[in-house]
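Listed below are the residues making up each chain.
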Amino acid sequence: MSILGPIVKRGIKILNFILGRKENPIDEQTLVLQDLLKKAQNTAFGKKYNFSEILNSTDPKIKFKRKVPYHDYDKINDEWWHFLHEGKKDITWPGVPNYFALSSGTTGSESKKIPVTDEMLKSFRKSGLKQVAALANYDLPSSYFEKEVMMLGSSSNLTFKNGHYEGEISGITTGNLPFWFKGYYKPGEEISNMEDFDERVAKICENSSQWDIGSLSGIPSWVEIMLKKVMAHHNAKDIHEVWPNLQVFTSGGVAFEPYQKSFHSLMGKNVHVINTYLASEGFFAFGDKPDSLDMKLVTDNGIYYEFVPFKPEYIQEDGSLNQAAPSLHLKQVEKDVEYVMLISTCSGLWRYMIGDTVKFTDVEKHHIQITGRTKFFLNVEGSQLSVNKMDDAIKHLEEKYEVEIHEYTLASIRHGEDFTHYWHIGLEEKIDADKMALEIDKYLQDVNKNYKVARTRMLKNVVVIPIDPDIFFDWNAHSNKKGGQVKMERLMSEDKYKEWRKFVIEWKKSE
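Residues numbered from 1 in each chain as written. Predicted model: local features only at pLDDT ≥ 70, side-chain atom pairs only at ≥ 80, totals over all residues. Heavy atoms only, no water.

Trainee: A description of the overall build of the protein chain should follow, citing residues and the corresponding values.
Mentor: Helix and strand content of the protein chain: 17 helices and 21 strands. In summary, the protein chain has a C-alpha radius of gyration of 23 Å against a globular reference of 24 Å for 511 residues, a match within 12%. Dimensions of the protein chain, computed from the C-alpha atoms along their principal axes, are close to 70 × 65 × 45 Å. Counting contacts in the protein chain only where the partners sit at least 6 residues apart, residues at least 24 apart contribute 68% of the total. When the accessible area of the protein chain is evaluated, it comes to approximately 23,000 Å², of which 48% is carbon and sulfur surface. Averaging the locations of the 66 positively and 73 negatively charged side chains of the protein chain gives two centres separated by 5 Å. (Helix = DSSP H or I, 4+ residues; strand = E, 2+ residues; numbered from the N terminus. Rg over C-alpha atoms; globule rule 2.2 N^0.38 Å. Contact = heavy atoms within 4.5 Å. Areas by Shrake-Rupley, 256 points an atom, 1.4 Å probe, with all protein chains shown as cover. Lys, Arg positive; Asp, Glu negative; His and termini not counted. Charge placed at Lys NZ, Arg CZ, Asp CG, Glu CD.)

Trainee: How would you summarise the pattern of salt bridges if you had to cite specific residues and measurements?
Mentor: Evaluated as defined, the whole model comprises 17 salt bridges. A salt bridge links lysine 75 to glutamate 79, with the shortest nitrogen-to-oxygen separation between them at 3.0 Å. With lysine 75 and glutamate 79 both in helix 6 (residues 73–85), this residue pair falls 4 residues apart, about one helical turn. Relative accessible area serves as the criterion here: at 36%, glutamate 79 is assigned to the partly exposed category. A salt bridge links glutamate 407 to arginine 490; the nearest nitrogen and oxygen atoms lie 2.7 Å apart. Placement of glutamate 407 in strand 18 (residues 405–415) and of arginine 490 in the loop between helix 16 (469–479) and strand 21 (491–492) is noted, with a sequence separation of 83 residues between them. Residue classification places glutamate 407 among the buried residues on the basis of a relative accessible area of 3%. A single network of salt bridges, built from pairs that share partners, joins Lys126, Lys130 and Asp300. (Salt bridge = Lys/Arg side-chain N within 4 Å of Asp/Glu carboxyl O. Buried < 20%, exposed > 50% of the residue type's maximum accessible area, 1.4 Å probe, protein only.)

Trainee: Which residues make up the environment of proline 258, and what are the values?
Mentor: Among the secondary structure elements, proline 258 is positioned in the loop between strand 8 (248–251) and helix 12 (260–264). Distance in space between the C-alpha atoms of proline 258 and proline 141 is 29 Å, their sequence separation being 117 residues. Excluding residues within four positions of it along the chain, proline 258 makes contact with Asp391, Glu398, Ile405 and Arg490.

Trainee: Please give an account of a nonpolar patch on the surface that cites residues and values.
Mentor: A surface patch of nonpolar side chains, amounting to about 290 Å² of accessible area, comprises Ile14, Phe17 and Ile18. Within the element layout of this structure, isoleucine 18 appears in helix 1 (residues 4–21). (Patch = residues over 30% accessible without salt bridge, like charges linked within 9 Å, V, L, I, M, F, W, Y side chains within 5 Å.)

And the structure:
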């Protein structure tokens, strides 16, 4: 019998105990802000906004938010980061970053280039260690800690350009894995370097029987595709026939809830699902308790957080923040209130809006849930429909009709003076579309008073269009690329919707 598993398990319990004793999130956030300001005070950004004065004020948190404006990617890139690409240094953080994360986000959007400093890579590793320590809270056998870890991300093959490396954040972090972890990591460097997602998955299928996988991690939609391919390769009815010791799935990139039913249908045994909040801009939170998709905010690791109440009057048409919108620090937040999350980081992001909305499920322990995206907020006709309400409606349909909905997208299209909501829903089962439209409409009216009012005014019709789930994945390949950090857009503009409808019609003709 191996002794490694029990030793690792005991070490993780000790680490979790030590880390838990040291926590004081409010004080940690104060120290993080002071440290960020001190290190960046001599940068061009720090001089413009007089970080030295902020540091010497009686309350740096208040002075900081008074002097420094909100930024989204376009604003900080146009005003500051473009200098980095011109070879200049000490712009928003000391020196120059060795990496830029290409963040494509939802399909069809142009890649952003997010600076990733050495300090931020240390932050990723430290948060990863905290996440590993939190496994002590789960009922896992000692043997689990000897199993291999399948990490399905983007290609880890980076491009060297103008003195730095570029690639998606999963590729950057994979290239910086600690040496001791590389023996556990699958599919390994050679397969991970493959650019084409389908070729990568084909190689995973070929090698899958040689691996003893205990953990999976990745974006749920792409992990599901990989699992189905592996199962088909082995003619298996569930993934546990191939990997019998699979016990943990670490979900990231999107909220797991919409994928919950379809994911668990691929399992032959119960699997712990651990949510993580990891993006190109940082590693913000991770699940630390069983049977919950809540995540613990990381507060001592080079990232300072602020929270703006998610209200229509604070969000501009392009999804950016109104500069007059109020922000709160960690001590001021309330439970179950939706906030736009802002970050200031050791990669030189300042009061930066990453576009996510969150709510606190526990303000004492600082547990959060991702509730949606600021741009996935439909208010064209006054419905004030957020993505979490859309996700809830989809889950309601799954329970009502006992089906699995793999993906969906929504567009609000004007017809004269009125609007129609068009829901495209990825289904393998045959369900009456009109009945589904009535059901989703009724549900949203019951849970969202603004939506109910909109239905008596400009929002005149709701249409559900069931389609083959594969259309969504082929759209990803058509619009951007498969796998990695790419996520299906939940809301489409009218122009994007025209392109989407044409793609769906042509796809159906080709079948």
